[in-house]
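One letter stands for each residue in the lines below.
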Amino acid sequence: MVIAVNEIVKNPSLVSNPKEITYVEDRRSKKLKSIIIPAKYKEEFEEFLKEKKMKEWMERNKGLLEMEHPEFLDSCVEDIGEWLDELENRAR
């Protein structure tokens, strides 16, 4: 479903309790402003975000991971573990 920003003011339940994925669009500029995802997709979305963050981290640290110093990898693994624990705690 696509709704305009001004429709939210008139009918807040469109965002407070969406029944489907909702796209909020600025009707004048035809630009997408937000995507509202119902809570029933929370677990799937969190899993997607974890994977996305991990891919971004791997891309940022690609050169470092290819280094010949294996002791560096130990600290990377620890950092990733702490980061994942932090994400799980936020989700609760």
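Up top is the structure.
Residues numbered from 1 in each chain as written. Predicted model: local features only at pLDDT ≥ 70, side-chain atom pairs only at ≥ 80, totals over all residues. Heavy atoms only, no water.

A. Summary view of the overall build of the chain. Looking only at helices and strands, the chain has five helices and three strands in total. The order of helices and strands in the chain, counted from the N terminus, is β-α-α-β-β-α-α-α. A buried classification covers 14% of the 92 residues belonging to the chain. Sequence-distant contacts, at least 24 apart, represent 16% of the contacts inside the chain between residues at least 6 apart. Roughly 7,700 Å² of accessible area belongs to the chain as shown, and the carbon and sulfur atoms make up 53% of that amount. (Helix = DSSP H or I, 4+ residues; strand = E, 2+ residues; numbered from the N terminus. Buried < 20%, exposed > 50% of the residue type's maximum accessible area, 1.4 Å probe, protein only. Contact = heavy atoms within 4.5 Å. Areas by Shrake-Rupley, 256 points an atom, 1.4 Å probe, with all protein chains shown as cover.)

B. Representation of the pattern of salt bridges within the structure. Applying the stated rule across the entire model yields four salt bridges. Among the salt bridges present, the one from Lys52 reaches Glu56, with a minimum N-O distance of 4.0 Å. Highlighted residues: Lys52 and Glu56, both in helix 3 (residues 42-60), separated by four residues, approximately one helical turn. Lys52 gets classed as partly exposed once you look at its relative accessible area, which sits at 41%. Since its relative accessible area comes to 35%, Glu56 is described here as partly exposed. Ionic contacts of the salt-bridge type, sharing partners, join the residues Glu7, Glu25 and Arg27 into one network. (Salt bridge = Lys/Arg side-chain N within 4 Å of Asp/Glu carboxyl O.)

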